[in-house]
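Residues per chain, in single letters:
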Amino acid sequence: MNSFWKVCKHTSLSKCLRPICRSLTVSPMSSKYIDEPDYIKFTKPQVPVYERLNIQMKAYDFTVLEHYAKHVHKIARNMDFEVTDAWATPHEAWKVTNHEPGTTKVSSECVLNKYERNIQITNLPAYCAPTFFEVIQSSLPMGVFVNIHPHEEQHTEIRYIPDFELIVLKKQLEELLNPDDVKTKK
């Protein structure tokens, strides 16, 4: 019997052999147990990864953007990437006016809404990133703009709609609690 094993008095083979060593692994070539030291896992090549990437998609057509965001999310999951978050930000609205030539008279007006969707991917391996980006770009519909960038704190803040009433109430509370500080600021 091998020096790695102790023989006990049980009849079944799985209960009969008890390992003496701490870390034992099964070799894929055979069913023998091999003792590997802990430092072996550090000798394997380390793959660089992108920590957190945001895939930011913008478009004027809401339906097309929603379908494309769903498509990108599905591609990321099928490629076994870790999708940690997906969110929508409030739309941006512009009022566009068309003037008659040489006058200030408005001939037509319209409102343009620009919608935005974001998908956040964590620990994207560097060797998979070019393929993933190429698939995203090749399936990009007309009128949708994609930007891929590292996550920053401002991307988290922009997704929330500010509550102006709450901001006013906080200022009033600060004035009541610290009236001396408010007088010195003015």
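Residues numbered from 1 in each chain as written. Predicted model: local features only at pLDDT ≥ 70, side-chain atom pairs only at ≥ 80, totals over all residues. Heavy atoms only, no water.

Labelled according to an unreviewed UniProt entry, the chain appears under the name Ribosomal_S10 domain-containing protein, originating from Nephila pilipes.

(A) Here's a closer look at the pairing of strand E6 (residues 82-99). Here 15 bridges tie E6 to strand E7 (residues 106-125), and the two strands are oriented antiparallel to one another. Bridging from a neighbouring strand, valine 96 pairs with cysteine 110 of E7. With antiparallel pairing between neighbouring strands as the criterion, E6 and E7 make up a hairpin whose turn holds six residues, including glycine 102 at a positive phi of roughly 80°. (Pairing = 2+ DSSP bridges. Helix = DSSP H or I, 4+ residues; strand = E, 2+ residues; numbered from the N terminus.)

(B) Representation of a nonpolar patch on the surface within the structure. A cluster of nonpolar side chains, Tyr60, Trp94, Val96, Leu112 and Phe145, forms an exposed patch at the surface whose accessible area comes to about 470 Å². With respect to the helices, strands and loops of the structure, leucine 112 is situated in strand E7. For leucine 112, a relative accessible area of 35% translates into the label partly exposed. (Patch = residues over 30% accessible without salt bridge, like charges linked within 9 Å, V, L, I, M, F, W, Y side chains within 5 Å. Areas by Shrake-Rupley, 256 points an atom, 1.4 Å probe, with all protein chains shown as cover. Salt bridge = Lys/Arg side-chain N within 4 Å of Asp/Glu carboxyl O. Buried < 20%, exposed > 50% of the residue type's maximum accessible area, 1.4 Å probe, protein only.)

(C) Region of interest: the sheet that holds strand E8 (residues 144-150). Sheet architecture is open: four strands sit in the order E6-E7-E5-E8, paired in antiparallel fashion. Every interior strand has two partners, whereas the edge strands, E6 and E8, have only one. For this sheet the average axis-to-axis angle between neighbouring strands, irrespective of direction, equals 20°. Helix H3 (residues 62-78) rests against strand E5 (49-59), E6, E7 and E8 of the sheet, and its axis sits at about 5° to E7. (Axes fitted to C-alpha atoms, helices over the stretch in contact; angles between N-to-C directions. Contact = heavy atoms within 4.5 Å.)

(D) Structural detail: H3. With 17 residues, H3 extends 24 Å from end C-alpha to end C-alpha; this agrees with the ideal 24 Å at 1.5 Å per step. Those residues of H3 not exposed but buried are Leu65, Tyr68, Ala69, Val72, Ile75 and Ala76. Angular distribution of buried residues about the axis of H3 spans 125°; they occupy a single face of the element. Facing away from the buried side of H3 by more than 90 degrees, the exposed set consists of His67, Lys70 and Asn78. Turning to H3, the residues buried within the fold contact E5, E6, E7, helix H4 (129-138) and E8. (Expected span 1.5 Å × (residues − 1). Arc of directions from axis to C-beta.)

(E) Examining the packing of aromatic side chains more closely. Evaluation of the coordinates by the stated rule reveals three aromatic pairs. Ring geometry for phenylalanine 81 against phenylalanine 132: centres 5.1 Å apart, planes inclined by 80°, an arrangement best described as edge-to-face. Taken as a pair, phenylalanine 81 in the loop between H3 and E6 and phenylalanine 132 in helix H4 lie far apart in primary sequence, 51 residues in all. The pair phenylalanine 81 / phenylalanine 132 is uniform in exposure class, with both members buried. Ring geometry for phenylalanine 132 versus phenylalanine 133: centroids 6.0 Å apart, planes at 45°, classification tilted. By relative accessible area, which is 0% here, phenylalanine 132 ends up buried. (Phe/Tyr/Trp six-rings, centres within 6.5 Å; stacked < 30°, edge-to-face > 60°.)

(F) Expanded view of the nonpolar core. By size, the foremost hydrophobic cluster in this structure holds 20 residues, and its most contacted members are Ile55, Met57, Val72, Phe81, Ile121 and Phe132. Put simply, the parts of the chain that give this core at least two residues each are E5, H3, E7 and H4. No other element matches H3, which puts six residues into this core. For isoleucine 55, the residues in contact, after removing those within four places along its chain, are Val72, Arg117, Asn118, Ile119, Ile121, Phe132, Ile136, Val146, Asn147 and Ile148. (Core = buried A, V, L, I, M, F, W, Y, C linked by side-chain atoms within 4.5 Å.)

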